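Residue-level listing of the chains:
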Amino acid sequence: MNLPAPLRTWYDGLAPRERRLVVIGAAAIALMIVYLAVISPIRSAHSRLLDEVQQKRQLLALINRSAGRIQSAGSSVGQLKAGESVFTATSAAIQSSAISGAVQRLEQTQDGGVRLSLSGVSFDALVQWLGSLSREDGIVATRATIQQGNNPGTVDATLTLNTSS
C-alpha cells in the first residue's frame, strides 16, 4: 500500500489481525461507495427509462388507433356545390347556426377564402359549427386565433376559412 507517512506509521503499528480488519473495512467502504455512486444511480435510471419506454409504447398505440379513426373521418369531408363560393356557403351556414348572433365581421379574402370574426361565441357551438362546415361543404379553418371570452364557455375568435383541397 502506498500511504502517506503518518498513516503508514499508524498502520505499521497495528497487529497483523488489526491490519486485516482495516483492509477488509476499507474494501467494504470502497464497495459501498462504488455501489452508491455508480451502480445504484444506473439501476434507478434504467428502471425510470423502462417506465418511460412503456409509457411511450402506450402513447404510440393510442396514436395509431386514433390515426385510423382520423383517416376514416377525413374521408367524409364534403365539397362545395357547383358554382358556390366559400363566402356564400359560409354565410348560409352562419345564418342557420347557433353562432349567428356572435358574428362581428365576415369578409372575403384575396385567395377566395373568408375571414370571420366572432365575439362571445360559445366554444362548443363554434367547434360543432366548424365540424359541420367541414363535413357538409369541405370548408376548414386554415388559421384561427381564439381567446377566452368574458363569460365562462365563450370565446372571441378570428378564423380564416377556405376549402380543404
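Residues numbered from 1 in each chain as written. Predicted model: local features only at pLDDT ≥ 70, side-chain atom pairs only at ≥ 80, totals over all residues. Heavy atoms only, no water.

Draft legend 1. Highlighting the nonpolar core. Ranked by internal contacts, the top residues of the largest apolar core, which has 19 residues, are L118, L126 and W129. Residue assignment for this core shows that the elements contributing at least two residues are helix 3 (86–95), strand 2 (114–122), helix 4 (123–137) and strand 4 (154–163). Those residues in contact with L126 that sit more than four places away from it in its chain are I99, L118, V121, V155, A157 and L159. (Core = buried A, V, L, I, M, F, W, Y, C linked by side-chain atoms within 4.5 Å. Buried < 20%, exposed > 50% of the residue type's maximum accessible area, 1.4 Å probe, protein only. Helix = DSSP H or I, 4+ residues; strand = E, 2+ residues; numbered from the N terminus. Contact = heavy atoms within 4.5 Å.)

Draft legend 2. Looking closely at the packing of aromatic side chains. Using the criterion set out here, one finds zero aromatic pairs in the structure. In this structure, R19 is placed above the aromatic ring of Y11, and the distance from its NZ or CZ to the ring centre is 5.6 Å. (Phe/Tyr/Trp six-rings, centres within 6.5 Å; stacked < 30°, edge-to-face > 60°. Lys NZ or Arg CZ within 6 Å of the ring centre and 35° of its normal.)

Draft legend 3. Looking closely at the pairing of strand 3 (residues 139–148). Across nine bridges, the pairing between strand 3 and strand 4 is antiparallel. In the strand pairing of strand 4, I139 is matched with T163. Linking strand 3 to strand 4, which pair antiparallel, is a turn of five residues; within it G153 sits at a positive phi near 85 degrees. (Pairing = 2+ DSSP bridges.)

Draft legend 4. How the structure looks around the environment of R143. By secondary structure assignment, the location of R143 is in strand 3. On the accessibility criterion, R143 (60% relative accessible area) is exposed. Non-local contacts of R143, meaning those with residues more than four positions away in its chain, are made with T158, L159 and T160.

Draft legend 5. Region of the structure containing helix 4. Between its first and last C-alpha, helix 4 extends 21 Å over 15 residues, near the 21 Å set by a 1.5 Å rise per residue. Taken together, the buried positions of helix 4 are occupied by A125, L126, W129, L133, S134 and D137. An end-on view of helix 4 places all buried positions within 170 degrees of arc, on one side of the element. Helix 4 presents D124, Q128 and R135 as exposed residues on the side facing more than 90 degrees away from its buried surface. Check the buried side of helix 4 and you find it contacts helix 3, strand 2, strand 3 and strand 4. (Expected span 1.5 Å × (residues − 1). Arc of directions from axis to C-beta.)

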